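Listed below, chain by chain, are the residues.
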Amino acid sequence: GMKVETENDTELYGKLVVVARIPTDIILQRVYFPGWQYLVNGARQSGTPLAGGLPTLTVPAGRSVVEFRFTDTAVRTASNIISILTIVSLAFVYGKKSIA
């Protein structure tokens, strides 16, 4: 006995309401990638186990709210900054008109 209702589901965010009679493991049908954060009843789930590349969360008995959101990691943020600086530098260097 478990009931799952989807409240919101986009590429970067999802929210489910799960009603379970006993503590239950649920497998989210979304491939794990660094940057995903998982919350069960507002508590962050760290070290989420994977089942075939899919995240598995344990929900307690009763009504639970499961949220998952995709956020930038420190490495991804640094990479984006380097990419932007490189593009601006190239535009500055090659965008000048030469006077000859």
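This section reports on the structure supplied with the text.

## Concerning the overall build of the protein chain
Along its length, the protein chain carries one helix and eight strands. Helices (α) and strands (β) of the protein chain occur, in sequence order from the N terminus, as β-β-β-β-β-β-β-β-α. In terms of principal-axis extent, the alpha carbons of the protein chain reach across some 80 × 25 × 20 Å. For the protein chain, the exposed area adds up to about 7100 Å²; of that, 61% sits on carbon and sulfur atoms. Side-chain charges in the protein chain split into 10 positive and 7 negative, and the spacing between the mean points of these groups amounts to 8 Å.

## Considerations on the environment of glutamate 7
Assignment of secondary structure puts glutamate 7 in strand E1 (residues 2-9). Of the residues examined, glutamate 7 reaches a relative accessible area of 46% and is grouped as partly exposed. Along the sequence, glutamate 7 and threonine 77 sit 70 residues apart, while their C-alpha atoms lie 29 Å from each other.

## Digging into the sheet that holds strand E8 (residues 62-70)
If you trace the five strands from one edge of the open sheet to the other, you get E1-E2-E8-E4-E5, paired in antiparallel fashion. Sheet topology places E1 and strand E5 (43-44) at the edges, where each strand pairs with a single neighbour.

## Observations regarding the nonpolar core
Formed by Leu16, Val18, Ile26, Leu28, Trp36, Tyr38, Val40, Leu57, Val59, Val66 and Phe68, the largest nonpolar core amounts to eleven residues. Secondary-structure elements contributing two or more residues to this core are strand E2 (13-20), strand E4 (36-40), strand E7 (54-59) and E8. No other element matches the three residues that E4 contributes to this core. Setting aside residues up to four positions removed in sequence, valine 66 forms contacts with Gly14, Lys15, Leu16, Val18, Ile26, Leu39, Val40, Leu57 and Val59.

## Thoughts on the sheet that holds strand E6 (residues 50-51)
One open sheet accounts for three strands, arranged E3-E7-E6; its pairing is antiparallel. Here the strands that pair on one side only, and so sit at the sheet edges, are strand E3 (24-27) and E6. Summarising the sheet, E3 and E7 pair through four bridges and their orientation is antiparallel. Paired with threonine 24 across the strands is valine 59, a residue of E7.

So, how was this worked out
- Residues numbered from 1 in each chain as written.
- Predicted model: local features only at pLDDT ≥ 70, side-chain atom pairs only at ≥ 80, totals over all residues.
- Heavy atoms only, no water.
- Helix = DSSP H or I, 4+ residues; strand = E, 2+ residues; numbered from the N terminus.
- Areas by Shrake-Rupley, 256 points an atom, 1.4 Å probe, with all protein chains shown as cover.
- Lys, Arg positive; Asp, Glu negative; His and termini not counted.
- Charge placed at Lys NZ, Arg CZ, Asp CG, Glu CD.
- Buried < 20%, exposed > 50% of the residue type's maximum accessible area, 1.4 Å probe, protein only.
- Pairing = 2+ DSSP bridges.
- Core = buried A, V, L, I, M, F, W, Y, C linked by side-chain atoms within 4.5 Å.
- Contact = heavy atoms within 4.5 Å.

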